Amino acid sequence: MEAVAGFPKREVQAIGLIGFAHMLSHLYWLALAPLAPSMIDEMQITAVDWGLALGAFSITTGIFQTPMGLLVERVGGRRVLIGGLLLTAVAIFAIGAIATSYWWLIALMAIAGIGNSVFHPADYSLLNASINEERIGRAFSLHNFSGQIGFVVGPILTVAMEPFFGWRGAIMALGVIGMIMTLLLVLYGGRITEGNKVKKQSSIVDSLRDLLTSKPVMLFFVFYMCSSLGNFGVTQFSVLAFQPMYGLEKVAVVVALTAYQIGTLILIIPGGILADRIGRY
């Protein structure tokens, strides 16, 4: 098959590899939420403590995104993507394997967040290089779609595994999945175009100045930060909050959370098609 849905075969391969890695990034964001009650109970911590652990993941993800973007410009997106995915997968695995205290949990969540910070700068750089401009809107929407699939699959996966393997086994299984995907990226990463836009000469100061003085970039940053605050609150704390609020079992709350994520999916791909056909974004 030479083309799929209007994309040449090589572009399909690139979108698939990058998209599956992106799916894991989002899966890791949300897969721990259904396990929170069990983790809180075993570690004898509070919901506030749990929120601080999630905060460690989020803070390092946010802080390191700009440095990772600068690194992508200098060494290329493939290396950064592979390294970040491996770091996240190993840290997630270690949470299940060796996190016997709250401070271990905090440290490993922070490390996982550093690995997670690579996905957007590396992914979009690689997609820009790998996909023809006339199809880039659809490619970005498919990429976003893959991430949302991770949000949907993550809670379902951990809820299904926890009764059989416990919360530790469920988390370790997630880490193993990430390690396997890292290996696939190493083996087949050549199908993702790196592009010839890697910049190694410009100084970090110049790059940061260009970034921080860009009005569109700063406006989009504020928009994305605000939307992420609301989304993160719903996705990460609904399992903890809805059970006592409405007297629901964990499975029922996960179903509600999954419905929320499916609702998010509905217009992503139509939005990508629209983006390819108009100029008034």
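One can find the structure itself at the top, above this paragraph.
About the thresholds
- Residues numbered from 1 in each chain as written.
- Predicted model: local features only at pLDDT ≥ 70, side-chain atom pairs only at ≥ 80, totals over all residues.
- Heavy atoms only, no water.
- Buried < 20%, exposed > 50% of the residue type's maximum accessible area, 1.4 Å probe, protein only.
- Helix = DSSP H or I, 4+ residues; strand = E, 2+ residues; numbered from the N terminus.
- Arc of directions from axis to C-beta.
- Contact = heavy atoms within 4.5 Å.
- Axes fitted to C-alpha atoms, helices over the stretch in contact; angles between N-to-C directions.
- Left-handed = near helix turned anticlockwise from the far one by under 90°.
- Nonpolar A, V, L, I, M, F, W, Y, C, P; charged D, E, K, R; others polar.

### Points about helix H2 (residues 36-43)
Within the span of H2, buried status applies to Ala36, Met39, Ile40 and Met43. End-on view of H2: buried residues confined to an arc of 100°, all on one side of the axis. Residues of H2 that are buried in the fold lie against helix H3 (47-75), helix H4 (77-98), helix H5 (102-116), helix H7 (136-188) and helix H9 (215-246).

### A closer look at the packing of H3 against helix H6 (residues 119-130)
Running from amino to carboxyl end, H3 crosses H6 at an angle of 35°, the nearest separation of the two axes being 8 Å. As for the relative orientation of H3 and H6, their crossing is right-handed in sense. Residues Gln65, Met68, Gly69 and Val72 of H3 form the contact with H6, whose participating residues are His120, Pro121, Ala122 and Ser125. Class assignment for the residues of the contact of H3 with H6 results in four nonpolar, four polar and no charged.

### Considering the environment of Ile111
Within the element layout of this structure, Ile111 appears in helix H5. Residue Ile111 is classed as partly exposed on the basis of its relative accessible area, which comes to 34%. In this structure the C-alpha to C-alpha distance between Ile111 and Ala91, which are 20 residues apart in sequence, comes to 6.4 Å. Apart from residues no more than four positions distant in its own chain, Ile111 is found in contact with Leu87 and Ala91.

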